[in-house]
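# Observations on chain architecture
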Amino acid sequence: MTKIIVATGNENKMKEIRQIIKRDDIQFVSLKDEGLSDVEIVEDGDTFEENAIIKAKTIADITGTIVIADDSGLEVDYLDKAPGVYSARYMGEDTPYTVKNNHIIELLKDARGVERSARFVCVIACVMPDGNVITTRGTIEGQIGYEEKGENGFGYDPIFLSDELGKTFAESSDEEKNSISHRGRALKNLYDKLKKMN
Ligand code: ITT
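On to helix H5 (residues 182-197). In this model, H5 (16 residues) spans 23 Å end to end at C-alpha, consistent with the 22 Å of a helix rising 1.5 Å per residue. Residues His182, Arg183, Gly184, Ala186, Leu187 and Leu190 constitute the buried set of H5. In this structure, the buried residues of H5 make contact with helix H1 (11-20), strand E3 (67-76), strand E5 (117-127), strand E6 (133-144) and helix H4 (174-180).

Here it is, written out as structure tokens:
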């Protein structure tokens, strides 16, 4: 059994990672599971890649084990790719997502058709016990909806209309979202890279 620490405090990411890579020989544990929730991680990178590496390395430096981290966010083209790497901090970390989502809808009130294009981006960084770092990226294209729709998922899911699913991520089942999501794609890319290395 290979234990992999996921350097995240976000329970929703944790749940999706466990759903996406379901293997009897891999156990994903969270910072909370490992008693590492209080470790200070300074996410001061300018890119998803930098922040994912910062998160994974901060924890790997302490544990010396395999650590992965997910840095992700929503890029809205009409807003020059905001909130992007600042997705969690956008309008304040503790602001409810319904407020953030409705603010984005309001900012896009004059945007029509292709002007509403957006994507979710996810970068997974994996730090190996020898210090080797691998990063993979996954993206999923969509549009910003005219209103929040659906109750599943988290964060910006109610306003992200997936081109492929024809509905918001929050209207989709876990299986539907995970099969095409930015996180699903980044993790599958990581899995393929690691398999090739063995
Ligand atoms: P950790 O850094 O502890 O992993 P975080 O939530 O702060 O948790 P990020 O800095 O990577 O993570 O911010 C990502 C934000 O982007 C997240 O809080 C959501 O607002 C948004 N996001 C990422 N993936 C998403 C998804 O699948 N559905 C909806 N929103 C998502």
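After that view of the structure, there is still more to cover.
Nonpolar side chains in soluble globular proteins generally cluster together in the buried interior. Counting residues in hydrophobic clusters, the biggest one holds 18 residues, and the most contacted among them are Phe28, Ile68, Ile124, Cys126 and Leu187. Of all the elements in the fold, those that place two or more residues in this core are strand E1 (2-6), H1, strand E2 (26-30), E5 and H5. Residues within four places of Ile68 in sequence aside, it is in contact with Ile4, Ile5, Val6, Ala7, Ile17, Phe28, Ala56, Ile124, Ala125, Cys126, Leu187 and Leu190.

Taken together, 21 residues surround the ligand, and among them Thr8, Lys13, Lys55, Tyr97 and Asp157 come closest. Lys55 places a side-chain nitrogen or oxygen 2.8 Å from an oxygen atom of the ligand. Tyr156 is positioned such that a nitrogen or oxygen atom in its backbone is 3.2 Å from a nitrogen atom of the ligand. For the ligand, the accessible surface in isolation is 610 Å², of which the surrounding protein chains cover 92%. Using a 2 Å cut-off from the grid points, one finds that the ligand occupies the largest pocket. Contributions of two or more residues to the shell around the ligand are made by E3 and H5. If one sorts the elements of the shell around the ligand by residue count, E3 sits on top with four residues. Grouping the constituent residues of the shell around the ligand by class yields five nonpolar, eight polar and eight charged.

The rules behind the values
Residues numbered from 1 in each chain as written. Predicted model: local features only at pLDDT ≥ 70, side-chain atom pairs only at ≥ 80, totals over all residues. Heavy atoms only, no water. Helix = DSSP H or I, 4+ residues; strand = E, 2+ residues; numbered from the N terminus. Expected span 1.5 Å × (residues − 1). Buried < 20%, exposed > 50% of the residue type's maximum accessible area, 1.4 Å probe, protein only. Contact = heavy atoms within 4.5 Å. Core = buried A, V, L, I, M, F, W, Y, C linked by side-chain atoms within 4.5 Å. Near = heavy atom within 4 Å. Polar contact = N/O pair within 3.5 Å; in protein donor to acceptor, adjacent residues only side chain to side chain. Areas by Shrake-Rupley, 256 points an atom, 1.4 Å probe, with all protein chains shown as cover. 1 Å grid on protein atoms, 1.4 Å probe; cavity = no way out; pocket = protein on both sides within 12 Å on 5 of 7 lines; lining within 4 Å. Sits in = over half its atoms within 2 Å of the grid points. Nonpolar A, V, L, I, M, F, W, Y, C, P; charged D, E, K, R; others polar.

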